[in-house]
Amino acid sequence: MRYVSTRDSSGGPGRPFCDILLEGLAPDGGLYLPEHYPQVDGDTLARWRSLVRADGYAALAFEVLSLFIDDIPAGDLRGICERAYAPHKFLDPAVAPVSQLSDGLWLLHLSNGPSAAFKDMAMQLLGELFEYELERRDTTITILGATSGDTGSAAEYALMGKPRVRVFMLSPQGRMTPFQQAQMFSIDDPSITNIAVDGVFDDCQDIVKEINADAGFKARHRIGAVNSINWARLMAQVVYYFAAWLQIADDDRPLSFAVPSGNFGNIAAGHVAKSMGLPIHRLILATNENNVLDEFFTTGVYRIRGSAETHETSSPSMDISKASNFERYVADLVGRDGARVADLFGRQLREEGRFDLSELRAFRDQLETHGFVTGSSTHADRLGQIRRTYSEDGVIIDPHTADAVQVARSMQVCGTVVALETALPVKFSGTITEALGIEVPRPAVFDGIEDLPRHVVEVACSATAVREMIETAPGGAVSE
Ligand SMILES: Cc1ncc(COP(=O)(O)O)c(C=O)c1O
Ligand SMILES: N[C@@H](CCOP(=O)(O)O)C(=O)O
């Protein structure tokens, strides 16, 4: 499989997987996509159903990833998957189990990994892939990431102690929950630098993109990415849509997935799974009050918002108003026309802050072809769904999962619906206590993290300031 940038109109040959794994963002500012989505037929799905039952999640991951990666020998890739998805790393050895609520809605549990959020599902794999490829090339990488609360700790847990990796993680100062801050900032590792930026998540993400666009700096420091701008993140997330379907559907019937959405990574993986032939009826996209994506699917207009218009909500990890991965979906909508994507994302968004695809035939047909339906949720909705799910089923869901459950329950989608559970409630205990009046159970592994010393530096919202930090930190520039 070869990969091309969403903004590439050259028609030239694509790049191999391991190159784009390390590169993250394409040099033209676009995001990498596979040249085509590999197709999976009914016989393969039937074989995978037996496989996942007998051999578990890692075996399924190997099968799915083999369709996207042809530059790692099969035996090595199998080992990578087995290490990434070793059952002992997850609170449930099934890795991504499902359960059903009494109203019929299913939950896909994705937050049983080391950092208690769905990001672990991809980040554990990325940690293994980076280590493997850096050793094979005998080189190093400087990971520059942005987090609104969950990507950061998942990445740091996955990369901590890996000798060829340095991490610089930007987060919006004061906008993460006390638990999320404690999780990240308590990490005491000289190769990990937590940077609290005076801004919102989108500012952090913009800094990451600006620094990536500086080709000289990127090459000098071997800048790589762990955000979902890195295709490997999305690819890993595709696996659990298959895992859910294989666990729930015992025939060929389609399922719908309700996905709490911010940066459009999680649901983009669902779009890829559907495009590969997984029987998916609807992709139900749920936003919080920061509803740029809901607005797009309702009107055809994509209008990004600045920090002043980005609400601080009780599902804070989704306080995002510029959804990075949306570019991948738009590339599919415009038939992989790289020049058009470059114009929409590289020019129109920068100059006008918006673009309008309402007249595009593919947009008008998207319900038929791609199956997106959307809605948004409020603080009151979130509290209501947390209360309802607890009182009806004794299950505590986190506020982001509650956004998905709210939108799923408010829609008349026929057939079976699976809501993606994206974090453990302990990460957002304030909101849970507000809803239920109880303390949230805490896995023993997180006991006392708030009392540990904090390792974080505060910087102004500027790429220059971050560049300087990378430049002066130990293990700096690489000389060829
Ligand atoms: C807990 C949680 N749920 C949902 C999301 C939304 O996922 P995505 O950004 O991939 O749309 C995020 C992060 O953005 C998150 O951290
Ligand atoms: N919710 C994320 C935001 C970054 O998204 P990513 O999927 O692109 O890494 C977070 O918690 O950091």
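Bear in mind that the values here come from a model prediction, so they are computed numbers and not experimental data.

Residue-level account of the site of ligand 2, with values.
Among the 13 residues in the neighbourhood of ligand 2, the closest are listed as T147, D150, T151, S228 and R233. In the model, an oxygen atom of ligand 2 is placed 2.8 Å from a nitrogen or oxygen of the S148 main chain. Between ligand 2 and the protein, one listed contact pairs an oxygen atom with a backbone N or O atom of D150 at 2.6 Å. Calculation on ligand 2 without its partners gives an accessible area of 340 Å², and the protein chains cover 95% of this total. Counted by class, the shell around ligand 2 contains two nonpolar, eight polar and three charged residues.

Account for the sheet that holds strand β15 (residues 417–421), naming residues and giving values.
Across the sheet, which stays open at both edges, the six strands sit in the order β4-β5-β15-β10-β11-β14 with mixed pairing between neighbours. Looking along the sheet, the strands with just one partner apiece sit at the ends: β4 (98–100) and β14 (372–376). With direction set aside, neighbouring strand axes in the sheet form an average angle of 25°. Inspection of the sheet shows β4 paired to strand β5 (residues 106–109) by three bridges, in the antiparallel sense. Along β5, the bridge assignment pairs V98 with L108. Contacting β5, β10 (255–260), β11 (280–287), β14 and β15, helix α18 (residues 399–410) crosses the sheet at an angle of about 125° to β11.

Now, about the pairing of β14: what can you tell me, with residues and values included?
Buried residues dominate β14, accounting for four of its five residues. Where β11 and β14 come together, five bridges link them in parallel fashion. Paired with L285 across the strands is T374, a residue of β14.

Give me the environment of E309: which residues, what numbers.
With respect to the secondary-structure elements, E309 resides in the loop between β12 (301–303) and α13 (326–333). The spatial distance from the C-alpha of E309 to the C-alpha of N290 is 8.5 Å, given a sequence separation of 19 residues. Excluding residues that lie within four positions of it along the chain, E309 makes contacts with N290 and R303.

Requested: an account of the pattern of salt bridges, with residues and values cited.
Taken as a whole, this structure holds 31 salt bridges when the rule is applied. Here K427 makes a salt bridge to D150, at a shortest N to O gap of 2.8 Å. Taken together, the positions of K427 in the loop between β15 and α19 (429–436) and D150 in the loop between β6 (141–146) and α6 (151–159) put the pair 277 residues apart, joining distant regions of the chain. The same class applies to K427 and to D150, which are both buried. Each of R15, D19, E23, E133, R136 and R137 takes part in a single network of salt bridges with overlapping partners.

Explain the nonpolar core to me, and be specific about the residues and the numbers.
Ranked by size, the top nonpolar core spans 118 residues in total, and within it F17, Y85, W231, F242, F264 and F326 carry the most contacts. Top contributing element to this core by residue count: helix α10 (residues 231–248), with 15 residues. Apart from the residues lying within four places of it in its own chain, the contact partners of F242 are V40, L45, W48, L60, V64, A273, M276 and L278. Counting 30 residues, the second-largest nonpolar core is a separate cluster that includes I397, A404, A408 and A435.

So what's going on with the environment of A236? Residues and values would help.
Counting through the fold element by element, A236 comes out in helix α10. Residues in contact with A236, not counting those within four places in the same chain, are Y57, L65, Y85, M121, A122 and L125.

Give a detailed account of helix α11 (residues 265–275), specifying residues and quantitative values.
In an α-helix, one turn spans 3.6 residues, which is why side chains three or four residues apart end up on the same side. Of all the eleven residues making up α11, ten are buried; the element is thus mostly covered by neighbouring parts of the structure. Those residues of α11 lying buried are G265, N266, I267, A268, A269, G270, H271, V272, A273 and K274. One or two positions beyond α11, positive phi appears at G277, with a value near 110°.

Conventions adopted
- Residues numbered from 1 in each chain as written.
- Chains lettered and ligands numbered in written order.
- Predicted model: local features only at pLDDT ≥ 70, side-chain atom pairs only at ≥ 80, totals over all residues.
- Heavy atoms only, no water.
- Near = heavy atom within 4 Å.
- Polar contact = N/O pair within 3.5 Å; in protein donor to acceptor, adjacent residues only side chain to side chain.
- Areas by Shrake-Rupley, 256 points an atom, 1.4 Å probe, with all protein chains shown as cover.
- Nonpolar A, V, L, I, M, F, W, Y, C, P; charged D, E, K, R; others polar.
- Pairing = 2+ DSSP bridges.
- Helix = DSSP H or I, 4+ residues; strand = E, 2+ residues; numbered from the N terminus.
- Axes fitted to C-alpha atoms, helices over the stretch in contact; angles between N-to-C directions.
- Contact = heavy atoms within 4.5 Å.
- Buried < 20%, exposed > 50% of the residue type's maximum accessible area, 1.4 Å probe, protein only.
- Salt bridge = Lys/Arg side-chain N within 4 Å of Asp/Glu carboxyl O.
- Core = buried A, V, L, I, M, F, W, Y, C linked by side-chain atoms within 4.5 Å.

Without other data, these values stay purely geometric and don't point to any function.
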